[in-house]
Amino acid sequence: MAQVRSLQKIMAFLSANNTVAVNNSDTRLAGCFLLGIPGLEHLHIWLSIPFCTMYVAALAGNGILICVILSQPSLHEPMYIFLSMLASTDVLLSTSTMPKALANFWLSSTHISFDGCLTQMFFIHFLFVAESAVLLAMAFDRYVAICSPLRYATILTSTAIGKIVAATLARSFIIMFPSIFLLKRLHYCRVNIIAHTFCEHMGIARLSCSDISINIWYGLAAALISTGLDIILIAVSYVHILQAVFHLSSQDARSKALSTCGSHICVILLFYIPALFSVFAYRFGGRHIPRYVHILLANLYVVIPPMLNPVIYGVRTKQILEGAKQMFSNLVKESK
């Protein structure tokens with residue numbers, strides 16, 4: 001019944017704006033309609049509570065983490081610079097999806113302009129690829145710190161970090177920018193209803209009345225070139241890291257290295273496992289896994305890692321805890 005009411009609202013909107021689709025018309029002017037989580041419309045209000053809580057926690061945790069790293073000169077090292085990049089990407093990734101999803105849950109705000117949908121799609125995929133690159137950079141940082149500690153300062157210089165940041169942004173932009181034109185070239189002749197809480201590449205492409213083979217192959221190639229390659233390189237890095245760790249003679253050094261690597265591996269698994277499961281379940285498990293499971297997973301992987309990353313690093317990293325205490329102590333002194 002809830003889904004029927006959503007469709008009735010959409011048709012009422014189209015009728016009121018004289019944009020009811022016909023086969024030969026271009027329906028991009030009518031925009032797109034995000035249904036939220038089909039099959040669970042009656043639970044949207046209840047689902048909004050944990051999602052809103054996780055989103056606020058992600059904003060607060062990552063915001064504090066960024067402020068601590070920026071305010072404490074002792075944390076201006078490669079490892080913490082990459083961590084601040086991860087926190088910034090987390091904030092932007094969750095912000096690109098959650099506000100619209102919560103508006104849908106609370107206000108039944110399903111409509112989004114076609115260009116707005118493309119913009120949201122671009123930033124979601126751009127930030128996902130960028131975060132994957134940041135995780136690769138963090139794995140490289142740990143590889144150099146553990147496998148070549150004497151060369152750490154000469155390899156990860158400020159110039160090298162700047163190049164890594166520039167390469168991360170450039171790669172993400174180069175990979176994702178063509179997807180906008182691949183979607184714009186298609187002809188849209190139906191009511192653009194997306195059974196999701198946010199816009200993504202294949203979700204928009206499937207609205208089209210045109211052949212989307214190029215979009216399918218491009219999406220697969222982009223995923224393999226970016227995320228797939230990053231996963232392989234991260235795995236290779238940690239194989240070498242673990243080999244080096246188990247050859248350390250000092251038990252304390254081995255325990256410290258394993259603790260640091262354990263935090264990083266937790267972050268990596270939290271990011272990749274839900275995302276990959278969602279992607280493969282969407283492509284290959286459509287007949288066996290309910291649609292709402294795919295959408296819930298897609299929403300979880302853009303909000304759970306951003307929420308948990310500050311907790312993992314804040315609890316397990318002594319320097320971050322000390323920096324946070326120092327920052328809040330300075331704030332208290334300034335307020336008096």
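About the criteria used
- Residues numbered from 1 in each chain as written.
- Predicted model: local features only at pLDDT ≥ 70, side-chain atom pairs only at ≥ 80, totals over all residues.
- Heavy atoms only, no water.
- UniProt positions renumbered as here; feature names shortened; annotations may be inferred.
- Helix = DSSP H or I, 4+ residues; strand = E, 2+ residues; numbered from the N terminus.
- Axes fitted to C-alpha atoms, helices over the stretch in contact; angles between N-to-C directions.
- Parallel < 35°, antiparallel > 145°, perpendicular 65-115°, else oblique.
- Left-handed = near helix turned anticlockwise from the far one by under 90°.
- Contact = heavy atoms within 4.5 Å.
- Nonpolar A, V, L, I, M, F, W, Y, C, P; charged D, E, K, R; others polar.
- Phe/Tyr/Trp six-rings, centres within 6.5 Å; stacked < 30°, edge-to-face > 60°.
- Buried < 20%, exposed > 50% of the residue type's maximum accessible area, 1.4 Å probe, protein only.
- Salt bridge = Lys/Arg side-chain N within 4 Å of Asp/Glu carboxyl O.
- Disulfide = S-S within 2.5 Å.

As annotated in an unreviewed UniProt entry, the protein chain is Olfactory receptor from Rangifer tarandus platyrhynchus. The UniProt entry for the protein chain carries the following text under Function (unreviewed entry): "Putative odorant or sperm cell receptor." According to its UniProt record, the protein chain has this under Sequence similarities (unreviewed entry): "Belongs to the G-protein coupled receptor 1 family."

Caption draft 1: A look at the UniProt feature "transmembrane region" (unreviewed entry) in the protein chain. Look at the UniProt record and you will see "transmembrane region" (unreviewed entry) annotated at residues 43-68, 80-98, 118-140, 152-177, 216-236, 257-280 and 292-315. End-to-end, the C-alpha atoms of residues 43-68 are 38 Å apart, and along that stretch the chain is 96% helix and 0% strand.

Caption draft 2: Structural view of the packing of helix α5 (residues 114-147) against helix α9 (residues 213-246). Interaxial distance between α5 and α9 falls to 9 Å at its minimum, and their mutual angle equals 20 degrees. Relative to α9, α5 is oriented roughly parallel. For the pair α5 and α9, the crossing hand works out as left-handed. When α5 is examined against α9, the residues Phe128, Val129, Ser132, Ala133, Leu135, Leu136, Ala139, Arg142, Tyr143, Ile146 and Cys147 are found in contact with a partner set consisting of Ser226, Thr227, Asp230, Leu233, Ile234, Ser237, Tyr238, His240, Ile241, Ala244 and Val245. In the contact of α5 with α9, the residues fall into 15 nonpolar, five polar and two charged.

Caption draft 3: Molecular detail of unusual backbone geometry. One non-glycine residue, Ser108, lies in positive phi territory at about 55 degrees. Relative to the assigned elements, Ser108 resides in the loop between α4 (98-107) and β2 (111-112).

Caption draft 4: Just the packing of aromatic side chains, in detail. Scanning the entire structure with this criterion turns up 11 aromatic pairs. Taking the centre distance of 4.9 Å and the plane angle of 65 degrees together, the rings of Phe114 and Tyr188 count as edge-to-face. In this pair, Phe114 sits in helix α5 while Tyr188 sits in the loop between α7 (158-184) and β3 (193-194), placing the two residues 74 residues apart along the sequence. With a relative accessible area of 4%, Phe114 lands in the buried category. For Tyr188, a relative accessible area of 0% corresponds to the buried category. Here the aromatic rings of Phe271 and Tyr272 are separated by 5.1 Å at their centres, their planes lie at 70 degrees, and the arrangement is edge-to-face. Like Phe271, the residue Tyr272 is buried in the burial classification.

Caption draft 5: Region of the structure containing the packing of α5 against α7. Interhelical geometry of α5 versus α7 gives an angle of 150 degrees and a closest axis separation of 9 Å. Here α7 runs roughly antiparallel to α5, going by the angle between their axes. Remark: the crossing between α5 and α7 carries right-handed chirality.

Caption draft 6: Representation of the pattern of salt bridges in the model. With the rule as written, the count across this model stands at three salt bridges. Put simply, Asp141 and Arg142 hold a salt bridge, and the shortest N to O gap is 2.8 Å. On the accessibility criterion, Asp141 (2% relative accessible area) is buried. By relative accessible area, which is 10% here, Arg142 ends up buried. A salt bridge links Arg171 to Asp230, with the nearest nitrogen and oxygen atoms 2.7 Å apart. Taken as a pair, Arg171 in helix α7 and Asp230 in helix α9 lie far apart in primary sequence, 59 residues in all.

Caption draft 7: Seen up close, the state of the cysteines. Under the definition given, this model contains two disulfides. Each sulfur of the disulfide joining Cys117 and Cys199 lies 1.9 Å from the other. The S-S bond linking Cys117 to Cys199 shows a torsion near -110 degrees; that makes this disulfide left-handed. Of this pair, Cys117 sits in helix α5 while Cys199 sits in the loop between β3 and α8 (201-205), placing them 82 residues apart in sequence. Considered together, Cys117 and Cys199 belong to a single accessibility category, that of buried residues. At a sulfur-sulfur separation of 1.8 Å, the disulfide partner of Cys189 is Cys209. Judged by the torsion about the S-S bond (-100 degrees), the Cys189/Cys209 disulfide is left-handed.

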